[in-house]
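Residue-level structural notes
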Amino acid sequence: MQPSTADRELTVAGVALRFLAVALTLGTAYIHSTLGGLLFTLNATGYLVAAVALVVPIALAIRFRWFIRLGLMGYALTAIVMWAIQGPYYTTAYIAKAIEVSLIIVLFVDFLRADGNPVRVVKSELALLASKVGLRPAPAGAR
């Protein structure tokens, strides 16, 4: 019998990966919060909210932790791409981008460990959603 997602998240590796993800998220949030300006402040706030969502023990957040991981990966990737397009290119920015790349890698490893194949998870969740709104019957392995 395969352990549930909750069981895999409470292993030593799961806790270590989550701690590292939260630390990296808070690190880049801190850097962005010190830069001033509305966009940097909003970016820092977004990272802070994502860090909280990674650890909050609310059933809804636990159930959709896979979505939080994917969303945070996309958020960090968007920050990197936007920085590449418009800069500024100074030392602190390179440090922040290194943290964000590391964050994406850690989140991807955590996703694979806790939830498995991202494509399979998204397909399963979309099928479950379709069954909930009456478009088709629920899949056999629905959560």
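The structure we're discussing is the one just above.
Each value, and the rule that gives it
For every chain, the first residue of the written sequence is number 1, and numbering continues from 1 onward in sequence order. The predicted origin of the model limits local features to residues at a pLDDT of at least 70 and limits the giving and counting of side-chain atom pairs to 80 or more, whereas totals for whole chains, interfaces and linings rest on all residues. Based on all heavy atoms of the structure, the side-chain values leave hydrogens and waters out of the count. Per the convention used, a helix needs a DSSP run of H or I reaching at least four residues, while a strand needs a run of E reaching at least two, with both numbered from the N terminus. Throughout this description, buried means an accessible area under 20% of the type-specific maximum (1.4 Å probe, protein chains only), exposed means over 50%, and partly exposed covers the range between. Contacts are residue-level and defined by heavy atoms, with any inter-residue pair within 4.5 Å sufficient. All accessibility values rest on the Shrake-Rupley procedure with a 1.4 Å probe; residue burial counts only the protein chains present in the view. Only the contacting stretch of a helix is used when fitting its axis, a line to C-alpha atoms as for every element, and angles between N-to-C directions run 0 to 180 degrees. Throughout this description, any angle smaller than 35 degrees is read as roughly parallel, any larger than 145 degrees as roughly antiparallel, any in the 65 to 115 degree range as roughly perpendicular, and the remainder as oblique. Left-handed is the label given to a crossing in which the near helix is rotated counterclockwise from the far helix by less than a right angle, and right-handed is the label when the rotation is clockwise. Residue polarity follows a fixed list, in which Ala, Val, Leu, Ile, Met, Phe, Trp, Tyr, Cys and Pro are nonpolar, Asp, Glu, Lys and Arg are charged, and the others, Gly among them, are polar.

Examining the overall build of the protein
- Along the backbone of the protein there are 7 helices and 0 strands.
- Each helix and strand of the protein, ordered N terminal to C terminal, gives the series α-α-α-α-α-α-α.
- Taking all 143 residues of the protein together, the buried fraction comes to 36%.
- In the protein, the proportion of contacts linking residues at least 24 apart, taken out of those at least 6 apart, comes to 61%.
- As displayed, the protein offers around 8,500 Å² of accessible surface, 75% of which is attributable to carbon and sulfur atoms.

Side note on the packing of helix α3 (residues 38-55) against helix α5 (residues 65-86)
- Direction vectors running N to C along α3 and α5 enclose 155 degrees, while the axes themselves pass 10 Å from each other. Compared by their axis directions, α3 and α5 come out roughly antiparallel. Between α3 and α5 lies a crossing whose hand is left-handed. On the side of α3, the interface is formed by L42, N43, G46, Y47, A50, A53, L54 and V55, while α5 contributes R65, I68, R69, L72, Y75, A76 and A79.
- Considering only residue class, the contact of α3 with α5 consists of 11 nonpolar, 2 polar and 2 charged.

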